[in-house]
Structures are given as C-alpha cells and as structure tokens.
Amino acid sequence: MRTAYKVVAHIIAAAVVIQAALIAWSMFGLIPSLENGTVPGEPPLAALLHGMIGMYVVPVLVLVLVVVALLAHAGLKWALWLLLAVAVQIALAFLAFDAAWVGALHGINAFTIIALAEVGARAVAHAPEHVAHAKRVMRPAM
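Calculation criteria
Residues numbered from 1 in each chain as written. Predicted model: local features only at pLDDT ≥ 70, side-chain atom pairs only at ≥ 80, totals over all residues. Heavy atoms only, no water. Helix = DSSP H or I, 4+ residues; strand = E, 2+ residues; numbered from the N terminus. Rg over C-alpha atoms; globule rule 2.2 N^0.38 Å. Buried < 20%, exposed > 50% of the residue type's maximum accessible area, 1.4 Å probe, protein only. Contact = heavy atoms within 4.5 Å. Areas by Shrake-Rupley, 256 points an atom, 1.4 Å probe, with all protein chains shown as cover. Polar contact = N/O pair within 3.5 Å; in protein donor to acceptor, adjacent residues only side chain to side chain. UniProt positions renumbered as here; feature names shortened; annotations may be inferred. Patch = residues over 30% accessible without salt bridge, like charges linked within 9 Å, V, L, I, M, F, W, Y side chains within 5 Å. Salt bridge = Lys/Arg side-chain N within 4 Å of Asp/Glu carboxyl O. Core = buried A, V, L, I, M, F, W, Y, C linked by side-chain atoms within 4.5 Å.

## A short note on the overall build of the protein chain
Then, number 1: Of regular secondary structure, the protein chain possesses 4 helices and 0 strands.
Then, number 2: Rg of the C-alpha trace for the protein chain: 21 Å, well past the compact-globule value of 14 Å for 142 residues, more than 25% over.
Then, number 3: Overall, the C-alpha framework of the protein chain stretches about 85 × 30 × 20 Å when taken along its three principal axes.
Then, number 4: Each of the 142 residues in the protein chain was classed as buried or not, and the buried ones make up 31%.
Then, number 5: Long-range pairs, those at least 24 residues apart, make up 73% of the contacts in the protein chain with a sequence separation of at least 6.
Then, number 6: Within the structure as shown, the protein chain displays about 9,700 Å² of accessible surface, and the carbon and sulfur contribution to it stands at 74%.

## Quick notes on the side chain of Q89
Then, number 1: Along the polypeptide, Q89 turns up in helix 3 (residues 76–96).
Then, number 2: Reaching out from Q89, the side chain makes a polar contact with the backbone oxygen of H106 at a distance of 2.9 Å.
Then, number 3: At 2.9 Å, the side chain of Q89 forms a polar contact with the side chain of N109.
Then, number 4: Every residue in contact with Q89, bar those within four places of it in the chain, is listed here: H106, N109, A110 and I113.

## Some points on the UniProt feature "transmembrane region" (unreviewed entry) in the protein chain
Then, number 1: Within this structure's numbering, the places UniProt gives as "transmembrane region" (unreviewed entry) are residues 7–28, 48–71, 78–97 and 103–125.
Then, number 2: Structurally, residues 48–71 comprises 100% helix and 0% strand, and the distance from its first C-alpha atom to its last is 34 Å.
Then, number 3: A helix fraction of 100% and a strand fraction of 0% characterise residues 103–125, whose end C-alpha atoms lie 33 Å from each other.

## Regarding a nonpolar patch on the surface
Then, number 1: Taken together, the side chains of L45, L48, L49, M52, M55, Y56, V57, F94 and F97 make up a nonpolar region of the molecular surface, amounting to roughly 960 Å² of accessible area.
Then, number 2: At 7 residues, helix 2 (residues 45–72) tops the list of elements feeding residues into the nonpolar patch.
Then, number 3: Mapped onto the elements of the fold, L48 is located in helix 2.
Then, number 4: Of the residues examined, L48 reaches a relative accessible area of 43% and is grouped as partly exposed.

## Things to note about the environment of A123
Then, number 1: Here A123 is to be found in helix 4 (residues 102–125).
Then, number 2: By relative accessible area, which is 27% here, A123 ends up partly exposed.
Then, number 3: For A123 and I23, which are 100 residues apart along the polypeptide, the C-alpha to C-alpha distance reads 30 Å.

## Notes on the nonpolar core
Then, number 1: In this structure, Y5, I12, V58, L65, L82 and I113 are the most contacted members of the largest nonpolar core, which totals 28 residues.
Then, number 2: Mapped by element, the contributors of at least two residues to this core are helix 1 (2–35), helix 2, helix 3 and helix 4.
Then, number 3: Of the residues forming this core, the biggest block, 9 residues, is contributed by helix 2.
Then, number 4: Residues within four places of L82 in sequence aside, it is in contact with I12, V62, L65, I113, L116 and A117.

So this is what it looks like as structure tokens:
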C-alpha cells in the first residue's frame, strides 16, 4: 500500500506539472491571435484539458490517495493537507474568473500541491513499517 501511495502522489504532482504546461501552451497560442486583433470563438483545447485535469482527474486522485493512506496507515496527514490544497485550488480557479489577480494565487497554490504530494510520498517512503502502541499496564488503585 505504501508503494501505491507513492505512485499516486507522484502522479498527482505530474498532473499539476502537465496542467502548467497546458495552460502555458494555451496562452502562448492565444497571444498571437489577440495581437492580430482576432478573438477565438471558443477556448483553446489546451485550456480545456487544463480545466478537465484540474476539476476531475486531480480531485479523484487525491481522494484515492486519502483511501490509500487510510489502508497503508501512513501519510494520512499529508493526504488530507493535499485534499485541502486541491479544494482551495478549485475555489481559486472559479474566483479568478471574477478577479484576475486571484489567478496568481491559483498558480502559486499549484506549487503547494506539488510540494505536498512529493513531501507526502517521501514521508511514506521513510515511515517505519510498524509503530508499536504503548502497552496498557494495569496499576493497583491507591
């Protein structure tokens, strides 16, 4: 299960990197059109893929990671922080359509998601296999 955790966490980080590449591709394709005075009638495919990965793929992967963390008994703290960061990321994406400066926070939070996924993977890789519980010793009443 710990291997599954590490694989899913790395896939989440890679998905965010792919999203960054897609949005850059989209914008660099859009800028020349705007400079020529033409406005595309619909969003570029790369922008749509960016949104689909962010709205569907990454959230599902994070939920899978939480389940795997519960089964592996490791990395739950990092998976829950990652779940929170992804929820914030989605909220920032919607808010950015009303206030463009929020888009900068959306971009910065992407780095948080990558960091949490990778730190969680590293934490699980270096976690002890078994954590002994404290023994319960009965003491005489006084």
